[in-house]
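Observations on chain architecture
For reference, the chains in residue letters:
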Amino acid sequence: MAGAAVALLVVLNNRLWPLARHVITIAHEGGHALAAVGSGRRVGGIRLHSDTSGVTVSAGRPTGPGVVITVAAGYITPSILGLGGAALLAANQVSLLLRLSVALLLGVLVAIRNAFGVLSIALSAVTVIAVSMLAPSPYQEVFAAFVTWFLLIGGVRPIVEVQRTRRRGAPTSDPDQLARLTGVPGVVWVAFFALVSVFCLAVSVEWLLR
């Protein structure tokens with residue numbers, strides 16, 4: 001519960017959130033890249049910016065299922081990763097969770113194309129490696145729980161934020177890109193993202209707090 005409480009505090013705190021949100025952006029853009037590869041597209045690169053925004057460039061057909069899957073993956077990836085982390089925590093696989101976290105970060109690093117992105121990934125990876133190698137097991141468990149809860153809870157806030165941004169006019173947002181690609185209104189895509197995130201959070205709560 002301590003990990004969940006601290007994660008909630010970070011997500012809700014408007015001073016801490018802008019810094020912590022970089023982790024969510026890494027997961028978001030990594031989700032775009034993984035979905036692009038999985039759907040047969042070519043990843044041109046990922047850029048992470050100091051304002052917590054990011055962009056993933058992929059090449060392939062400009063329409064069709066591949067590009068829809070690629071664009072749709074971003075907002076749901078943090079929650080899905082959190083769900084995976086919850087499954088590992090429930091199985092007492094803390095070391096495996098930390099090793100997989102490092103592997104995923106290094107996988108994203110290969111696709112990074114700007115200096116801030118390299119720095120962001122490197123700091124994240126070094127932090128996880130340091131905890132894995134230097135921290136006693138109880139502290140590793142606390143850290144892993146915090147990261148898992150942060151992905152689950154932190155994955156929800158950007159969905160709320162993108163809907164607010166859309167109301168002010170944001171034609172390049174993922175939901176609006178999906179609306180143009182599919183003809184399905186952007187608000188429906190936002191609802192889909194929210195449904196997936198809440199589902200992942202609810203299942204994780206059941207696994208971790210039972």
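Small disclaimer: the values here were computed from a predicted structure and weren't measured.

Each value, and the rule that gives it
Residues numbered from 1 in each chain as written. Predicted model: local features only at pLDDT ≥ 70, side-chain atom pairs only at ≥ 80, totals over all residues. Heavy atoms only, no water. 1 Å grid on protein atoms, 1.4 Å probe; cavity = no way out; pocket = protein on both sides within 12 Å on 5 of 7 lines; lining within 4 Å. Points joined across faces, edges and corners; volume = space filled by probe spheres on them. Helix = DSSP H or I, 4+ residues; strand = E, 2+ residues; numbered from the N terminus. Nonpolar A, V, L, I, M, F, W, Y, C, P; charged D, E, K, R; others polar. Salt bridge = Lys/Arg side-chain N within 4 Å of Asp/Glu carboxyl O. Buried < 20%, exposed > 50% of the residue type's maximum accessible area, 1.4 Å probe, protein only. Expected span 1.5 Å × (residues − 1). Contact = heavy atoms within 4.5 Å.

Here the largest pocket is characterised by a volume of approximately 1,300 Å³. Taken together, 43 residues line the largest pocket, and the ones lying closest to its centre are Val23, Ile26, Ala27, Ser101 and Leu105. For the lining of the largest pocket, the elements supplying multiple residues, two or more each, are helix H2 (17-38), strand S1 (42-48), helix H3 (65-90), helix H4 (94-111), helix H5 (115-134) and helix H6 (137-154). In terms of residue count, the dominant contributor to the lining of the largest pocket is H2 (11 residues). Split into classes, the residues belonging to the lining of the largest pocket amount to 31 nonpolar, 12 polar and no charged. Within this model, the second largest pocket holds a volume of roughly 760 Å³. Lining the second largest pocket are 28 residues; nearest its centre among them are His28, Glu29, Gly54, Thr172 and Asp174. If you list the elements that add at least two residues to the lining of the second largest pocket, you get H2, strand S2 (54-59), H3, helix H7 (157-167) and helix H8 (174-182).

All right, on to the pattern of salt bridges then. Scanning all chains against the criterion turns up 2 salt bridges. Note that Glu161 and Arg21 form a salt bridge whose closest N and O atoms lie 3.2 Å from each other. Taken as a pair, Glu161 in helix H7 and Arg21 in helix H2 lie far apart in primary sequence, 140 residues in all. In this structure Arg21 comes out as buried when scored by relative accessible area, which is 15%.

Next up on the list: helix H9 (residues 186-209). Here H9 is 24 residues long and its end C-alpha atoms lie 34 Å apart, about the 34 Å a rise of 1.5 Å per residue gives. Within the sequence span of H9, burial applies to Gly186, Trp189, Val190, Phe193, Val196, Ser197, Cys200, Val203 and Ser204. Those residues of H9 hidden inside the fold are in contact with H3, H6, H7 and H8.

Positive phi, close to 75 degrees, is recorded for Thr52, a residue that is not glycine. With respect to the element layout, Thr52 can be found in the loop between S1 and S2.

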